[in-house]
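Here is what each chain is made of, one letter per residue.
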Amino acid sequence: MTTQFDRIFHGLSAESGKFRVAASGMAWKAEDTEGVTAVPSGDIKWAQWFRVARNFQLRVGLKDRRRETFDGFMREDHDKLAAILKQHFGITLEVKDVSFKGWNWGVTDIQGQELAFLVSNKTSFELPLNQVANSNIAGRTEVSLEFAPSGSANKKSRSGMDEMVEIRFHVPGTHTRIRGSDAGSDAEDEAEEETTAAQAFHDAIKDKADIGQVSGDLVLSFEEVLVLTPRGRYDVDMFLDFLRLRGKTYDYKILYSSIARLFLLPKDDQHVLFILGLSTPIRQGQTRYQYLVMQFAREEETTAELNMAEEEIEKYDRLKKNYEDPTFEVVSGVFRALSKKKIIGSGSFQSRDGHPGLKANLKAVQGDLFLLEKYIFFVSKQPTLVEISDIHQCVFSRVGASMGATAARTFDLKIVTKSGPEYTFTSINKEEHEPTESYLKDKKIKLKNEMVPDVEMMLAAGAGDSDDDEMQSVASSGEERPKPRLGGDDEDSEEDEDFQASSTDQGSPSESDSSDGGGVTASDASGDREFTKAKGKKKEGAAKKKKPSAKAAGSDAEDDNDDKPKKAKLAPKPKPKVKKDDDDDAMDVEEDGPKPKPKPKPKPKPKASSSLKEGEEDEPAKKKMKTSD
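Quick caveat, the model's predicted, so the values are computed rather than measured. Position numbers for residues count from 1 along each chain, tracking the sequence in the order it is written. Totals for whole chains, interfaces and linings use every residue, but because this is a predicted model, local features are given only for residues with pLDDT of at least 70 and side-chain atom pairs only at 80 or more, for both listing and counting. No hydrogens and no water enter the side-chain calculation; it runs on all heavy atoms of the structure.

1. Comments concerning the overall build of the chain
Selection rule: Secondary structure counts use DSSP, requiring at least four H or I residues in a row for a helix and at least two E residues in a row for a strand, with both numbered from the N terminus. Any two residues whose heavy atoms approach within 4.5 Å at even a single point are treated as in contact. Method for areas: the Shrake-Rupley scheme with a 1.4 Å probe, in which residue coverage is limited to the protein chains shown.
Within the chain, the secondary structure is distributed over 17 helices and 34 strands. The long-range share in the chain, meaning contacts at least 24 apart out of those at least 6 apart in sequence, stands at 49%. Per element, the accessible surface of the chain, about 36300 Å² overall, is 47% carbon and sulfur.

Below, the structure is given as structure tokens:
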């Protein structure tokens, strides 16, 4: 007699089926597929009844310490199923209590291939260890378990079932374990080793899960491989279906089916990069790594022999039994054969230096920008891959024209994708603009150039410098500067004389320059003042009157000490004697003939003319006598 139960699930499968029990055993058959699971009556040892998420579960223990689970039973099916098991197999259906307290602290217990979490000695939940893909210690007291996605999940359906991918356990305290030197050693040779409870829990998980003592034969192993992303040195163990990365802190199990792309790119003249693009990223804490970047030296060679039979090697494409080649060729060849993925090379693009990559920055990260046949690949701490078919347009630009020569040496490349994201690669050498533009034109990519021409760049950058050069060149010649600044202080010439008479103002030529607008010295001003007084016109000596006040004050102080006692302080200045010739030359250049003319005009100011004569006799007596004749 056969008893059938409908809408029953087997294990973690999302597909329901029919469950039948007979004297010969029990079997489950899927409704949509042809999957069948049969359990002979001779293998059945015990049976348990659990309350689970999908109603109730029948757990059957087998003689080889395996067990099968069937979910979806209703509460009223318990009595009927218990009678059938007792009748056909002579076993009792044991009811197991489940904790519903919702506590998140308890005790872990490894039961065969299951990790049970117990609360008040009742099972709260169980985790299948054969589904654990990775176990890491995040900190001293935290252990993280990562689970591989189920192969039956339908990736195309957005309404697929949710599944747990990671769980973390906080394991405080320490653990003491006994270690012996060899098997059969005496008790004296045994030593107690104290370690953290988290480390002990992590080791126990690795031993029971597939990431510990991996089932299967090791094909080839590479030791101390330098991995740039995630950073560290790892031992790479390669099996027929997956590979393991074993580091000091992290261990990863990566299925070959999760490898999407393989890249073999030259980093420089001494190193080569071998990059694995993963469809399922690996994790370190909160950081995801979608690419594994390995670095090898070009000159490093490896001699290896695969742990495979000749018949098995023939099943794979271009796989050899023995290798004696550079390390990067051995690694890439074995990966290509086992993963059945083609290796993407550097392509035909070459920079000015003959390198297939360009130095560039993406935000604040520096890396190498490789222009490949079907991809633009930016290799850095966080690699970025852009497909050529997904590029909408590329924009050349140069940011910071005001920076001058610095901005002129580099340019920026902005890539606008059809899917939405934009990537701006900065600080690319200007010499790489032409080969980059040719590459993008060959790929028939829409281009837009926003780069400022070099001429405009130099003008924009050198506008302020040219003005400064003019200022410096004019200021250096004392003869040309006063001319355009004459007439700037035509008004209040008498007040200017009083102002120049003060000792504080006389000692600061910079102030006199700013007020008069010229760089004329006091000696130049003295001759001009005497000449302007002789002419009696403010128009010709307006700006010069201000500066002559220093000299005129000295001459007046000698003749009229009672009238202008304040100006006597300026007489001791030695500068008039040093630059007297310059003043005379300047006077000769400007007006050689008009020198005798001042004599008839001084009628309204006879005192000024007399003072002029006296001044001529005191300092430049010889020249003034010639003009008077």
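The rest of the description comes next.
2. Focus: the side chain of Gln393
To be explicit about the condition: Whether a residue is buried, partly exposed or exposed follows from its accessible area with a 1.4 Å probe, protein chains only, as a fraction of its type maximum: under 20%, in between, or over 50%, in that order.
Tracing the chain through its elements places Gln393 in strand E31 (residues 391-397). Judged by its relative accessible area of 15%, Gln393 is buried. Dropping the residues within four chain positions of it, Gln393 is found in contact with Lys414, Ile415, Val416, Ile445, Lys446 and Lys448.

3. Comments concerning the pairing of strand E5 (residues 44-51)
Selection criterion: Pairs of strands are assigned from DSSP output, requiring at least two bridges between the strands.
Here seven bridges tie E5 to strand E6 (residues 56-62), and the two strands are oriented antiparallel to one another. Following the sheet pairing, Arg51 is matched in E6 by Phe56. Between the end of E5 and the start of E6, which pair antiparallel, lie four residues, with Asn55 showing a positive phi angle near 65°. As paired strands, E5 and strand E8 (residues 93-95) are joined by three bridges and run parallel to one another. Looking at E8, one finds that Ala47 is bridged to Leu93.

4. Some points on the pairing of E6
Burial analysis of E6 places seven of its seven residues in the buried class, the great majority of the element. Side chains of E6 alternate between two faces, with Phe56, Leu58, Val60 and Leu62 and Gln57, Arg59 and Gly61 buried alike. By the bridge criterion, six bridges tie E6 to strand E7 (residues 67-73) in an arrangement that is antiparallel. Within E7, the position partnered with Gly61 by the bridge is Arg67. What sits between the antiparallel neighbours E6 and E7 is a turn of four residues, in which Arg65 has the positive phi angle 65°.

5. Some thoughts on the sheet that holds strand E17 (residues 220-229)
Strand order in the open sheet made by the eight strands is E20-E19-E18-E17-E23-E22-E21-E26, with mixed pairing throughout. The open sheet has two edge strands with one neighbour each: strand E20 (251-255) and strand E26 (343-344). Note: E17 against strand E23 (residues 287-297), three bridges, orientation antiparallel. Its bridge partner lying in E23, Val227 is registered against Met294.

6. Re the nonpolar core
Formally: Put simply, buried Ala, Val, Leu, Ile, Met, Phe, Trp, Tyr and Cys residues joined by side-chain atoms within 4.5 Å make one nonpolar core.
Ranked by internal contacts, the top residues of the largest apolar core, which has 39 residues, are Leu276, Leu319, Val334 and Phe335. Those elements giving two or more residues to this core turn out to be E17, strand E18 (232-238), strand E19 (242-246), E20, strand E21 (259-266), strand E22 (271-284), E23 and helix H4 (327-339). No other element matches the seven residues that H4 contributes to this core. Phe5, Trp28, Leu62 and Ile91 belong to the second-largest nonpolar core, a separate cluster that totals 23 residues.

7. Digging into the confidence of the model for the chain
Here is the rule: Confidence of the predictor in every single residue is expressed as pLDDT, which spans 0 to 100.
Across the chain, pLDDT averages 74, with 64% of residues at or above 70. The least confident element of the chain is helix H13 (residues 549-559), whose mean pLDDT is 41; the most confident is strand E29 (residues 375-379), at 95. Contacts for the low-pLDDT stretch residues 463-499, under 50 throughout, to residues beyond four places or in other chains number 33 contacts.

8. Focus: H4
The α-helix advances 3.6 residues per turn, and as a result positions three or four apart in sequence lie on the same side. As a reminder of what qualifies: The span you would expect from a helix comes to 1.5 Å times its residue count less one.
With 13 residues, H4 extends 18 Å between its outermost C-alpha atoms, agreeing within 8% with the 18 Å of an ideal straight helix rising 1.5 Å per residue. Taken across its 13 residues, H4 has eleven buried, putting it largely inside the fold. Within H4, burial applies to Thr327, Phe328, Val330, Val331, Ser332, Gly333, Val334, Phe335, Ala337, Leu338 and Ser339. Of the residues flanking the end of H4, it is Lys340, one or two places downstream, whose phi is positive at about 60°.

9. Quick word on a negative patch on the surface
For clarity, the cut-off: Every patch collects residues that have over 30% relative accessible area and no salt bridge, joining them within 9 Å if they carry like charges and within 5 Å if they are nonpolar side chains (Val, Leu, Ile, Met, Phe, Trp, Tyr). The salt bridge definition used is simple: a Lys or Arg side-chain nitrogen within 4 Å of an Asp or Glu carboxyl oxygen. His is not counted here, nor are the chain ends, while Lys and Arg score as positive and Asp and Glu score as negative. Here the site of a charge means NZ on Lys, CZ on Arg, CG on Asp, or CD on Glu.
Residues Asp217, Glu310, Glu311, Glu312 and Glu314 make up a contiguous surface patch of negative charge. For Glu314, the location among the structural elements is in the loop between helix H3 (310-313) and strand E25 (322-326).

10. Topic: the sheet that holds strand E14 (residues 166-170)
Filter applied, for reference: Between N-to-C directions, angles cover 0 to 180 degrees, with each direction set by a line fitted to C-alpha atoms, over the stretch in contact for helices.
Here three strands make up an open sheet; going across it, the order is E12-E13-E14 and the pairing antiparallel. Looking at strand neighbours, the two that pair on one side only are strand E12 (132-137) and E14, the edges of this open sheet. Looking at each pair of strands side by side, their axes are set apart by 20° on average, direction ignored. Both strand E13 (residues 142-147) and E14 contribute to a ladder of five bridges, which runs antiparallel.

11. Some points on the pattern of salt bridges
Within this structure, the stated rule accounts for 19 salt bridges. The partner of Lys206 in a salt bridge is Asp251, and the shortest N-O contact between them spans 2.6 Å. Residue Lys206 is located in helix H2 (residues 197-208), and its partner Asp251 is located in strand E20; the two are separated by 45 residues in the primary sequence. Like Lys206, the residue Asp251 is buried in the burial classification. Between Arg352 and Glu434 there is a salt bridge whose closest N-O contact spans 2.9 Å. Residue Arg352 is located in the loop between E26 and strand E27 (357-362), and its partner Glu434 is located in helix H6 (residues 433-442); the two are separated by 82 residues in the primary sequence. Salt bridges here are not isolated pairs; linked through shared partners, they connect Glu142, Glu166 and Arg168.

12. Digging into the side chain of His202
Position of His202 among the secondary structure elements: in helix H2. What makes His202 buried here is its relative accessible area of 5%. Ignoring anything within four residues of it in the chain, the contact list for His202 reads Ser135, Asn136, Ile137 and Val143.

13. Description of the packing of aromatic side chains
Keep this limit in mind: For Phe, Tyr and Trp, rings pair up if their centres lie within 6.5 Å, where Trp contributes its six-membered ring, and each pair is then called stacked (planes under 30 degrees apart), edge-to-face (over 60) or tilted (otherwise). A ring is scored as having a charge over it whenever the NZ atom of a lysine or the CZ atom of an arginine sits within 6 Å of its centre and within 35 degrees of its normal.
According to the stated counting rule, one finds 19 aromatic pairs in the structure shown. Plain terms: the ring middles of Phe5 and Phe73 are 5.4 Å apart, the flat faces sit at 75° to each other, and that makes the pair edge-to-face. Residue Phe5 is located in strand E1 (residues 3-10), and its partner Phe73 is located in strand E7; the two are separated by 68 residues in the primary sequence. For the residue pair Phe5 and Phe73, the accessibility class agrees, reading buried in each case. Ring centres of Phe274 and Phe335 lie 5.4 Å apart, and the angle between their planes is 55°; this geometry places the pair in the tilted category. You can see Phe274 sitting in strand E22 and its partner Phe335 sitting in helix H4, a full 61 residues away along the chain. Relative accessible area serves as the criterion here: at 0%, Phe274 is assigned to the buried category. A cation over a ring is seen here: Arg54 above Phe9, with NZ or CZ 4.4 Å from the ring centre. For the cation-ring pair, Lys101 lies above Trp103, with the distance from its terminal atom to the ring centre recorded as 4.4 Å.

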